[in-house]
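The lines below spell out each chain.
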Amino acid sequence: MDVDAIKHLAVRVLTVAAFAAGIAALLLLAVSVENSAQFSRWQPWILLVNILGAIALMVLLARKFWQLYRDYRDHVPGSRLAMRTVLMFGALVIAPLVIVYLFSLDFINRGIDSWFRVEIKQGLNDAVVLSRSALDLRLREQARRTDIFARSLRELQGTALLQRLDEERRATEAKEIIVYDAYGRAAAVSSATPLAQQPAPSPPEVALQLAAGRSYVSLNSLPNGQYSIETAAPIADAVSARSGRRYVLIHYEVPQELSALAEGVQHTSSQYGDLSAVREPLKISFRLTLTLVVLLTLLAAIYGAIYSAQRLTRPVQDLIAGTRAVGKGDLGTRLPLSSRDEMGLLVHSFNDMTKRLRRASEEAKRSRQAVERERERLAIILSRLSTGVIVTDRELTVHSANQSAGTILGTSFANAAGQHLTQLPPGTARLATFISELRARLTAGWDEWREQLTLPGEAGERVLLWACTRLPDEREQGGVVIVFDDITALLSAQRDAAWGEVARRLAHEIKNPLTPIQLSAERLRRKLLGGMNAEDAQLLERATHTIVQQVDAMKQMVNAFSEYARAPDMKLQHFNLNQLVSEVAELYLLQDPSAEIRLDLDPALPEIEADRGRVRQILANLITNGIEALAGVKGGCVEISTLQQRAEGAATAVICVRDNGPGFRKEILGRLFDPYVSGKPRGTGLGLAIVKRIVEEHGGRVEAENRPEGGARILVFLPVSDQDRTLLAGGERRMEMRRERA
Amino acid sequence: MHTISRLSVALVLLIALAAPIRVRSAGPLAGDFQIRSAFVVVDHGVLQLSAHIDYPVNDRIRSALRDGVTLAFDLEVNISRHRRLWLDATVLETTLRRELTYHAVTDRYVLRDEAGVEQENFPTLEAALEKLGRIEDLPILVQSQLRGDAPWEVAVRAGVRRGHMPDALRALVFWTDDWHRTTGWYTWMLTL
C-alpha cells in the first residue's frame, strides 16, 4: 500500500470517526436524559466522545485548509474559486453561529442570574428568621415551664416523683420526662410511648450548661420532619456532697402544623442554598457546554462548506485544467461526467468540442502533411531542374531558389533564404547584370515578361531565356518568381547546325563548277596565247592567271567548309598527347624559327584515346591562331601546356594554348566558335569552328577567354578514354535535354 | 499538514483538560483530608470496620453549609482477592454515604444517613465532622461471604462532594465542580 493510499484511508477513518462520535454523543444524550443517574454516569463519556469528535473534525479541517492553501499558493486552476466559495460559505455559516452563540451566552448569564434574585434570598432568610422566632417563643415558654416544674420536684423521690412526672407529662403533652441524677443516669422516666430500652444517657452539654448555671434548651429536627424541644432544669434538692444535684430533661414535640411550616422553610432554604452554590459553576458549565456545541457545529459546518465548495468547484477545476490542456495542444482531453445538471451539460459540451477539435486537428495535420509532401516533391523537382528558379519579394529578398539558378548565375543559393540578392557570394558581373536587369523591370512596374537576356562573362556572353511572373498574394505585396534557362549552348548549336548546312551547300553547289572554270581558263590561255600579240597575250595571261588563282582560293575555302561540314569519321587510338604536342610545335618551329613556342607538359598525363589526326588538326589550328595573333607583337610567345583534370567523374586531358597578344575582341568573344567569325583581317573564320566541332566529336568541350594579364587563352578538354567519354556524354545529354526543353 | 494536525490536537486537549484542572487546583475542600487509620475485626462472624478519618475544616465549608449547601461524605470499602494472570476478584464493593447539612431553623448541623432514617444534630461543625470521622464497628460483610483463599486486600477511601443536587445539574456543573475530593486508597492485607 503506498503512502497516498494510507493517507486516503486515514482521512476516511477520521471522517467516519468524527461522524460516529457525533451520532454516539447524540444517542448517549437521548438515552441518558431519561435517566438523570445514567446521565451523571455517562457524562464523562459523552464529553470524551464530543472531544474526540472535535479533534477528528479539527484534523480533517486542518487537512482541508492545508489543501486549499497549497492549491492557492501553487496557483492550481480553480483554487481561487474554491477559496472564494469556502470563504463565502464560511461567512454564511460563521456569522449566524456567532450571533446565536453571543445571544445564548447573554441569555445564560441573564437567565441564571434571574433565578437567584436578591428578593428571593432575602425572603427565604426572613422566612427562616420568622420560623426561628416562632419556635423561640415556644422554646422560652417550655424552658420557663421546665424551671417551674423542676422546682416542684424538690425532694421528691420514688413513686411520688413518678406520679408528678406523669401528671406533668400529661398536662404539657410532653413526649418524655426524665430525671437524671448528678452522674447523668436516668433516675425516673415518664414517657408517652412504651419504653423499649433504657433511656439514652444525657447529652454531655446538658450537664455542662446546667453546671454553668445556665438553663438548657435545645431545638432539634427529626428524620420524619418533626421538631423536638429539649429543656432541662436543675432540681433544687438539698445538695449532698455524695449524690450531687439532680436535673430534669423534658422532650416536647413541636406541633405538627408548626413543624411542617418550619420544615418547609428549612427545605426551601436548603434547596435554594444548594442551587445558589452552583450559580457561578453553572454559568461556566453552560458557557463551556455551549462553546463545545457551537465549536462542534462550527467545525462541522466549515467542513461541510469546504466539502460543498470543493464539490461545486471540482467540475470547474476540471474544465479549467481541460481548457489549459487543450490550449497546450492536448486535444485528447476528456472530462469525467459527474452530474446531469447544467455543469454536466457544460462538461458534455466541452468533451464534444474537444472531440470536434481533435477531428479538425487531425484533418489539418493530414492536409499539412500532404502539403509538406507536395513541397518536398516540388523541392526535389526544382533541385533536379536545369532551369533556374528564384522566388523573391519585390525588394529582391530571396525566398527560395534552386541549385540550377546558382549554377547559371555563377553563385550559390545555399542558405540564401531571407538574404538580398546582392548579398549572395561571389559578386560576379553575370549576377550583377541579372540583378540590375531584374530590378529595372520590377521598378518599372513589370509584373510579367518573357524574353532573352544576355549576360557578360569572362568566358563569353551567356544568353538566358528568362520569364517572370507575379505570385498571387492577398496583401498585394507578393513576390515574383523568375524562371530562366541558359540557352547559350542552344543558340550555339542552332548556329552550328545552320553553318553546317551552309557548308554542305557550299561544298556541293560551289565546288563542282570551280574545276570546269579552272580548266576552261587554262584551255583558253593555252589555245589563245600563241595567236595573240604580246600585249593581248599579256592581258590574257594575267586574266587567266587571276581566274585560276581565285578559283584555287575558292577551292581552299570550299574545302575548308567541306571539312567543317564533314560527317564525323573518327579513328580512335591510344597515343601520347604530350608527344603529339611536341611534334606539332616542332613542325611550326621548323617552318618559322622566329616563332616563340613554349611547352609546359604534364609528365603524369596518361595516354588518351582519340583520333590522332584530328587532335593534330586542333593543335595546328590553335598554334596557327596564336602565332598569327602575335604578328607585330614584340616578345610574343605561345605557351602550350597540358594537364589532367576530373570533371563529372571523368578524367579529362586539358590542352591550354595561350598567348600574350592583344586577345579577343570583346564583341566577338561570345561567338568565337561560330563559323565565319574571325578576329583576323584575312581569316576564314572556320579555324576555331572546326576546333570546336572536332572537340565536340570527341565528347569534350572548348573554352576561350581573355587573360587578365593580356592575351588570349583557349582551353580544350578531351576525355582520356572512351569510358570517360561516355561519362561526359551523360552530362552532355543532360545539357541536350535542357536545350530541348528550352 | 502534520504540524497543523498536531497543533490542533494539542490545542483541543489543552482546552479539554485545562479548565477542570484549573478550577480544582484550589477548591473549597482544601485542608487536611486523610485516613489516619483503618482496620477490620471479626466479631461473631461479622467483619466490622473501624476507621479514623480527618476531614477538612475551613471557613469556606462552614460558609457553604450555612448558605444551604449539603455535603455528602462517602466511605468506599473494597475487598478484593488477588488472582494470578487475571484481574483481581472483587469480594465486596460498598459505600457508606452520609450527608451533612446546616439546619437554619434550628441552628444545628444535621448529620443523616443516605436513606434519611437516622439523623443527628450537632451544635458545631467540628462536632459533626468529629462524629463523621469516627467509624466504629461498622459491619461490612459476613465472614462466610469471603470467597477464595486468604489474603484479601481491603481498600478504604473517603470522599467529599456536593450533596443535594439534581443529577442533570450535577452533569452541567461537571466542568467546574470543585466540591469533589477524595483521599487515596488506604489498603492493607486481611488475613483471618
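Residues numbered from 1 in each chain as written. Chains lettered and ligands numbered in written order. Predicted model: local features only at pLDDT ≥ 70, side-chain atom pairs only at ≥ 80, totals over all residues.

(A) A look at the overall build of chain B. Check the secondary structure of chain B and you find four helices and ten strands. For chain B, the α and β elements follow one another from N to C terminus as α-β-β-α-β-β-β-β-α-β-β-α-β-β. The proportion of buried residues among the 192 residues of chain B is 27%. For chain B, restricting intrachain contacts to residue pairs at least 6 apart in sequence, the fraction spanning at least 24 positions comes to 64%. (Helix = DSSP H or I, 4+ residues; strand = E, 2+ residues; numbered from the N terminus. Buried ≥ 20, exposed ≤ 12 C-beta atoms within 10 Å, placed from the backbone. Contact = placed C-beta atoms within 7 Å.)

(B) Seen up close, the overall build of chain A. Within chain A, the secondary structure is distributed over 17 helices and 17 strands. Among the 742 residues that make up chain A, the fraction classed as buried is 27%. Contacts spanning at least 24 positions in sequence make up 60% of the contacts within chain A whose residues lie at least 6 apart.

(C) Seen up close, the pairing of strand S14 (residues 638–647) of chain A. Residues and elements named next belong to chain A. Note: strand S12 (residues 597–600) against S14, four bridges, orientation parallel. Paired with Asp 600 across the strands is Ser 641, a residue of S14. Across ten bridges, the pairing between S14 and strand S15 (residues 650–659) is antiparallel. From the neighbouring strand, Ser 641 faces S15, where its bridge partner is Cys 656. (Pairing = 2+ DSSP bridges.)

(D) Region of the structure containing the environment of Phe 33 of chain B. All names here are of chain B. Here Phe 33 is to be found in the loop between helix H1 (2–24) and strand S1 (34–43). Owing to 17 C-beta atoms within 10 Å, Phe 33 belongs among the partly exposed residues under this scheme. Placed 21 residues apart in sequence, Phe 33 and Asp 54 show a C-alpha to C-alpha distance of 5.3 Å. Beyond its immediate chain neighbours, meaning those up to four positions away, Phe 33 contacts Asp 54, Tyr 55, Pro 56, Arg 181 and Thr 183.

(E) Examining helix H11 (residues 429–443) of chain A more closely. All names here are of chain A. Taking 1.5 Å of rise per residue, 15 residues should cover 21 Å, and H11 covers 21 Å from first to last C-alpha, within 8% of that figure. Among all positions in H11, only Leu 431, Phe 434, Leu 438 and Leu 442 are buried. All buried residues of H11 project into a common sector of 65° when viewed along the axis, lining one side. Opposite the packed face of H11, turned more than 90 degrees from it, sit the exposed residues Ala 429, Ser 436, Ala 440 and Thr 443. Against the buried residues of H11 lie helix H10 (403–409), strand S8 (449–455) and strand S10 (480–486). (Expected span 1.5 Å × (residues − 1). Arc of directions from axis to C-beta.)

(F) The sheet that holds S1 of chain B, seen in detail. All names here are of chain B. With antiparallel pairing, the three strands of this open sheet are ordered in space as S1-S2-S7. Each edge of the open sheet carries a strand with a single partner, namely S1 and strand S7 (134–142). Strand after strand, the sheet turns through a mean of 25° between neighbouring axes, direction not considered. Examined bridge by bridge, strand S2 (residues 46–54) and S7 share six bridges and lie antiparallel to one another. By the bridge assignment for S7, Val 46 is matched with Val 142. (Axes fitted to C-alpha atoms, helices over the stretch in contact; angles between N-to-C directions.)

(G) Geometry of the nonpolar core. Formed by 68 residues in total, the largest nonpolar core has its most connected members in Tyr 247, Val 248 and Leu 249 of chain A together with Leu 65, Leu 100, Tyr 109 and Leu 132 of chain B. Once residues lying within four places of it in the same chain are set aside, the contact partners of Tyr 247 of chain A are Tyr 180, Leu 210, Ala 232, Ala 233, Pro 234 and Ile 235 of chain A. Counting 45 residues, the second-largest nonpolar core is a separate cluster that includes Val 581, Ile 623, Ile 627 and Val 657 of chain A. (Core = buried A, V, L, I, M, F, W, Y, C linked by C-beta atoms within 7 Å.)

(H) Up close: the sheet that holds strand S17 (residues 712–719) of chain A. Residues and elements named next belong to chain A. As summarised here, the arrangement of the five strands in space is S12-S14-S15-S17-S16, forming an open sheet in which the pairing is mixed. Pairing within the sheet leaves two strands with one partner each, and these edge strands are S12 and strand S16 (701–706). The mean angle between the axes of side-by-side strands here comes to 20°, regardless of whether they run parallel or antiparallel. Packed onto the sheet, helix H14 (residues 577–591) meets S12, S14 and S15 and runs at close to 170° relative to S12. Each of S12, S14, S15 and S17 touches helix H15 (residues 612–629); the most contacted strand, S15, lies at about 25° to it.

(I) Region of interest: the packing of H14 of chain A against H15 of chain A. All names here are of chain A. Relative orientation of the contacting elements H14 and H15 amounts to 45°, with a least axis distance of 10 Å. Classified by the angle between their axes, H14 and H15 sit oblique to one another. In this structure, the crossing between H14 and H15 has a hand that is right-handed. Here H14 contributes Leu 580, Val 581, Val 584, Ala 585 and Tyr 588 to the contact with H15, which in turn contributes Arg 612, Val 615, Arg 616, Leu 619, Ala 620, Ile 623 and Ile 627. For the contact of H14 with H15, the residue count by class is ten nonpolar, no polar and two charged. (Parallel < 35°, antiparallel > 145°, perpendicular 65-115°, else oblique. Left-handed = near helix turned anticlockwise from the far one by under 90°. Nonpolar A, V, L, I, M, F, W, Y, C, P; charged D, E, K, R; others polar.)

(J) Focus on the confidence of the model for chain A. For chain A, the average pLDDT comes to 82, and 91% of its residues sit at 70 or higher. Low pLDDT (under 50) marks residues 738–742 of chain A, which in the prediction has nine contacts with non-local residues, meaning those over four places away or in another chain. (pLDDT = per-residue confidence, 0-100.)

(K) Fine view of the pairing of strand S2 (residues 186–191) of chain A. Residue and element names in this part refer to chain A. Summarising the sheet, strand S1 (residues 176–180) and S2 pair through five bridges and their orientation is antiparallel. Its bridge partner lying in S2, Tyr 180 is registered against Ala 186. The hairpin turn running from S1 into S2, its antiparallel successor, is five residues long, and Gly 184 in that turn takes a positive phi close to 85°.

(L) Fine view of the environment of Val 716 of chain A. Residue and element names in this part refer to chain A. As for its placement among the helices and strands, Val 716 is situated in strand S17. Judged by local crowding, Val 716 falls into the buried class, with 25 C-beta atoms found within 10 Å. Along the chain, Val 716 and Thr 652 lie 64 residues apart, while their C-alpha atoms are 9.4 Å from each other. Apart from the residues lying within four places of it in its own chain, the contact partners of Val 716 are Ile 618, Val 654, Ile 655, Val 695, Gly 700 and Val 702.

(M) Focus on the confidence of the model for chain B. Residue and element names in this part refer to chain B. Here chain B shows a mean pLDDT of 81. Residues at 70 or above account for 79%. Overall, residues 1–14 carries pLDDT values under 50, and its contacts beyond four positions in sequence, including any with other chains, amount to 16 contacts. Long-range and interchain partners of residues 16–25, a stretch whose pLDDT sits below 50, account for seven contacts in this model, where long-range means more than four residues apart. Taken over the whole predicted complex, pTM reads 0.49, whereas the ipTM for its chain interfaces reads 0.75.

(N) Focus on unusual backbone geometry. The phi angle at Leu 396 of chain A is positive, at roughly 70°, despite the residue not being glycine. Tracing the chain through its elements places Leu 396 of chain A in the loop between strand S6 (388–392) and strand S7 (398–401). Phi angles above zero are rare outside glycine, and Leu 85 of chain B is one such case at about 55°. Relative to the assigned elements, Leu 85 of chain B resides in the loop between strand S3 (71–81) and strand S4 (89–103). C-beta crowding within 10 Å serves as the criterion here: with 4 such atoms nearby, Leu 85 of chain B is assigned to the exposed category.

(O) Just helix H3 (residues 125–133) of chain B, in detail. All names here are of chain B. Within the span of H3, buried status applies to Ala 128, Leu 129 and Leu 132. Projected onto a plane normal to the axis of H3, the buried residues spread over an arc of 95° and lie on a single side. Turning to H3, the residues buried within the fold contact S3, S4, strand S5 (108–113) and strand S6 (119–122).

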